[in-house]
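Coordinates in review
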Amino acid sequence: MPPPPPPPTLTDTAGPLGPGEVAGTVKPVDLPRKPLVLGDRSYHWVTEKVCGICEQKTPTWWWWSFAIACGIASFTLMGLVYLVATGVGVWGLANPVNWGWAIVNFVFWIGIGHAGTLISAVLCLLQQRWRTSINRTAEAMTIFAVVCAGIFPLFHVGRVWFAWWLFPLPNANWIWPNFRSPLEWDVFAVSTYGTVSVLFWYMGMIPDLGTLRDRAQSTWRRFFYGTLAMGWRNSSRHWHNYEMAYLLLAGLSTPLVLSVHTIVSFDFAASILPGWHTTIFPPYFVAGAIFSGFGMVLTLILPLRAVFGLHDLVNQYHIDAMCKITLATGSMVGYAYAMEFFIAWYGANPYEGFAFINRAFGQYAWAYWIMISCNVISPQLFWFRKIRENTALVWIISIFVNVGMWFERFVITVTSLANDFLPSSWGYYSPTIVDIFTFFGTFGVFSVLFLLFLRFLPLIAFSEVKALSLPQADPHNHDHPQNQRGQEARG
Amino acid sequence: MSTTGTSTRSSPAAGLAGAGSRRPLPGLLLALAVAGIGIGLVGLGTGLSAGDARPVISWLLGFSFWTSILLGSLFFVMIFNLFDAGWSVLVRRQLEHLLAGFKWIAILFLPLLLIAWFYRDPGILWKWLNPEHILPNGYTVATDALYQAKEPYLNKTAFTLRSLLYFGVFLFFANALRRNSFGLDEDGDRSRVQRQKVLSGAGVFACGLALTFAAIDWFMSIEFHWFSTMYGVWFFAASMRAALAFLLILLFFQADRGVLQGLHRPSHNYQLGCIALAFTVFWAYISFSQYFLIYQANIPEETFWYNIRHMNADGTTNSWWWVGLTLIFCNFLLPFLFLLFYKTKVRIPLILFVAAWILTFHVVDLYFNILPSKSAPADNVLNYKVRQFTINFWDVAVFVGIGALVLWAYLTSLREKGAIPRRDPRIREALEHHE
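Cut-offs and rules
Residues numbered from 1 in each chain as written. Chains lettered and ligands numbered in written order. Predicted model: local features only at pLDDT ≥ 70, side-chain atom pairs only at ≥ 80, totals over all residues. Heavy atoms only, no water. 1 Å grid on protein atoms, 1.4 Å probe; cavity = no way out; pocket = protein on both sides within 12 Å on 5 of 7 lines; lining within 4 Å. Points joined across faces, edges and corners; volume = space filled by probe spheres on them. Helix = DSSP H or I, 4+ residues; strand = E, 2+ residues; numbered from the N terminus. Buried < 20%, exposed > 50% of the residue type's maximum accessible area, 1.4 Å probe, protein only. Contact = heavy atoms within 4.5 Å. Core = buried A, V, L, I, M, F, W, Y, C linked by side-chain atoms within 4.5 Å. Polar contact = N/O pair within 3.5 Å; in protein donor to acceptor, adjacent residues only side chain to side chain. Expected span 1.5 Å × (residues − 1). pLDDT = per-residue confidence, 0-100. Nonpolar A, V, L, I, M, F, W, Y, C, P; charged D, E, K, R; others polar.

Quick word on empty space enclosed by the protein
Residues and elements named next belong to chain B.
- Across all of its chains, the model carries 7 cavities of 30 Å³ or more by this definition.
- Approximately 170 Å³ is the volume found for the largest cavity.
- In this structure, the largest cavity is lined by 16 residues; those nearest its centre are Asn 81, Arg 92, Val 193, Asp 424 and Pro 425.
- For the lining of the largest cavity, the elements supplying multiple residues, two or more each, are helix H3 (54-83), helix H4 (89-98), helix H8 (156-187) and helix H9 (191-218).
- Of all the elements, H9 adds the most residues to the lining of the largest cavity, at 3 residues.

A word on the environment of A:Gly330
Residues and elements named next belong to chain A.
- Structurally, the position occupied by Gly 330 is in helix H11 (residues 316-346).
- Taking the relative accessible area as the measure of exposure, Gly 330 reaches 0% and is therefore buried.
- Put simply, Gly 330 and Met 405 are 75 residues apart on the chain and 9.9 Å apart in space, counted from C-alpha to C-alpha.
- Gly 330 has contacts with Phe 291, Asn 375 and Pro 379, leaving out every residue within four places of it along the chain.

A few points about the nonpolar core
- Counting 296 residues, the largest nonpolar core has A:Trp109, B:Trp126, B:Phe170 and B:Trp218 as its most contacted members.
- In terms of residue count, helix H10 (residues 231-257) of chain B provides more of this core than any other element does, 18 residues in total.

What about the side chain of A:Arg131?
Residue and element names in this part refer to chain A.
- Position of Arg 131 relative to the elements: it lies in the loop between helix H5 (114-125) and helix H6 (135-156).
- Among the polar contacts listed, one links the side chain of Arg 131 to the side chain of Tyr 246, at a separation of 3.3 Å.
- Looking at Arg 131, its side chain comes within polar contact range of the side chain of Glu 464, at 3.1 Å.
- Excluding anything up to four places from it in sequence, Arg 131 contacts Ile 119, Ser 120, Leu 123, Cys 124, Tyr 246, Glu 464 and Leu 468.

Observations regarding the environment of B:Leu113
All names here are of chain B.
- Considering the arrangement of structural elements, one finds Leu 113 in helix H6 (residues 110-118).
- The class of Leu 113 is buried, set by a relative accessible area of 7%.
- On a C-alpha basis, the gap between Leu 113 and Phe 159 in space is 8.9 Å, while along the polypeptide they are 46 residues apart.

Looking at unusual backbone geometry
- At the junction of A:Asn95 and A:Pro96, the peptide bond is cis and its omega measures out at 0 degrees in the coordinates.
- Even without glycine at this site, A:Met230 takes up a positive phi of about 50 degrees.
- Counting through the fold element by element, A:Met230 comes out in the loop between helix H8 (219-229) and helix H9 (236-269).
- Under the relative-accessibility criterion, A:Met230 is labelled exposed at 57%.
- Phi is positive for B:Asp84, close to 60 degrees, though the residue is something other than glycine.

Observations concerning H8(B)
Residue and element names in this part refer to chain B.
- The end-to-end C-alpha separation of H8 is 45 Å, in line with the 46 Å expected for 32 residues at 1.5 Å each.
- Its side-chain oxygen placed 3.3 Å from the backbone nitrogen of Thr 157, Asn 155 serves as the N-cap of H8.
- At the exit of H8 stands Gly 188, carrying a positive phi of roughly 60 degrees.

What to know about the confidence of the model for chain A
Residues and elements named next belong to chain A.
- For chain A, per-residue confidence averages 89 on the pLDDT scale, and 92% of positions sit at 70 or higher.
- Considering only residues more than four positions removed or in separate chains, one finds that residues 5-16, a stretch of pLDDT under 50, has 32 contacts.
- In the model, residues 486-491 has pLDDT below 50 throughout and makes 5 contacts with residues more than four positions away in sequence or in other chains.

Section: the layout of surface pockets
Residue and element names in this part refer to chain A.
- Considering only enclosed or pocket space, the second largest pocket measures out at about 830 Å³ in volume.
- Forming the boundary of the second largest pocket are 32 residues, of which Pro 153, Leu 154, His 156, Leu 166 and Val 187 lie nearest the centre.
- Only helix H4 (101-112), H6 and helix H7 (182-215) provide two or more residues apiece to the lining of the second largest pocket.
- By residue number, the principal contributor to the lining of the second largest pocket is H6, which donates 7 residues.
- Taken together, the residues that form the lining of the second largest pocket break down as 22 nonpolar, 7 polar and 3 charged.

Quick look at the structure:
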């Protein structure tokens, strides 16, 4: 009997093979994909786990946290009341620094507000299924961060009851906003972003709200979740419409995410001030916003995971992915710092050169080096797996990222203004107690809103986890190479 | 594109050339490369003997076009490795073969370095290479205040060393990634997968910096008064688009009559089409931001770069105005609208059309960035004229010659190494990819 013909190979000039033949010749090395949900969890477990958080009796720690958060938030209230009663002179703004903490805090919070929609929209378009474990929390964070951000431009006008003049409404005096000002573009960019983010967040939550409604025991819960669920019945048509709407909103949100911080960067870069006017600002600000957003997501999600026991849903895979995005965007920010510095020299403009030397070695050098240490150096630690696997360390680095990104906005805003073109008017900017109160209190405002979210709404998009992250959701589960491993493990 | 398999066995090169081709394609390409590069060198010689910079720019244009494609390919290989996606494994191997052309590209930069060192006016292309070069204002480069400030960076020795460093970095990562990927085919050592990731992670950083400074040295410094922090990002965006468009064309041929028959599917094209859409928007975002911020601030030290791309010294509109408009509409708007639709990303003639379109206008973008500069004293009040948009014989010869050499290197690599990364851990996902 003749020996069987040798199997075809692909490493020579064999040329085209049919797909069937190729499938027979490939011998992939064994490197299975990691599961997105650990513990081989069932649909039921996921539902119970997430719904249980907002169905259980309010824990004592929640009440304590809520009370403390309200206390902190009252600082913002005090600051704002004093500001409105007295005038914007109570802030530390004075020549030559006429932009201070208010815009720093605005950009800081808006930057944080980028990760939520980025995770939901951009990662949705990129088909990254791991986003489902963290997107809801991140979106909530986005909305609350936008709320905190909005406080500063709203109240910096002083007579806040005239803030509606920012909008181009017809009026008897023919007063129109200056459409050529990037600050006016901010009004449209931020309000559009806020609106779409809320829509996206709410719409994505509807299937989960339907489940909560169906599980509700008390009348008020049935009414509350029933109203919010808008008649969701899990029908095929509902799901079809939902998925199409989700995709459309993802497509709409993606350019919005990028445009908001681009326009925020225009606030500075469209001017002629050394240190502000540089062409790399738009992508640099966007990268910085994503960086700070992911920093805050890590800051929030790691304690939540510990408190609610969500280790199977938010596992090392998710932490790794977030750390890597933080590393990538932090490095982009570092690249932008380096390019600014290099071109400040290469451009041979003495004013530009001075602005950067002054940043690094002038009166605000301390702020500059805090910024560099936190934003450029600390995320580089995420190169190492051991550090990414050390949750406490990841959390500490995420705090560094938050601190560094606040200082970045401070350095940009204040150093260029404090030492401007006219040395006789140079000064040293310091915030007043009202500045400090108002900013400190925003962490309370954020926490109050976030705690309410945790108490009443599902903090993980469990419908999506069930549909995308669990292997049993895939009808072709057995046929797919990436799932075979898990299948074998389950026996 | 064929989606059914065939067991026809022929060499990949002959397969690529099409059934019935009597000449082996690599031979044809090599002949074309020798002819094109030879003509380009004749052009260089003619230009240098006449003191005409235009043929030298032809060389730079051709070099830049293919360098951008290879740089984009290098970044895609690294990004695909880092992202660990399943679908991209098949196309990544094609890019790895394409990187075989990098060493030839490095060699083809040598004529420009030789001009810098041995030609009587080294500043024929990059004015600052010759401090005695006469600027349009009638003074020498050496007396120029901005040159004096930038001289520690813009000088012959530093330029040469930097260029060698850039190619050293590009070649190191291109070769290491290729070697490791092909090695995995042979020994199936799974530690290579991790090594690919480490190499890619480090490579993105090193190559990102090298690309940035290469763009500053080779393109931005042609008008050495001008500066933009965004410039490196522009070249990155343009290179990624160009590589993607070239890859789509390559994949069309390989799927239609080459080594990927029945393996490369519309679903792969869909993914690549989505990335092409993203980079189309990214290119426009970068280009617009750079333009807009300079326009808005209206500082003469910066605006002159766009002004000479709009009008002559006497205020009349010049050819670059039309080229600029072409870029807005043809390099962004039309491909953007085209790629928005699902069908255009999966129907082969359509995706082939848009890929060719993007490559064509990538060339125009390079012309826009490289060609116009203030040249030679002229009898107008500002004493300069702007080099206008022209396409000449030397341009075409260099484009074709270097392109043929890159393709020859690609096919040679394809013939020597596997067409498919058969031991890659995600190869089955790539083969079975569907939407």
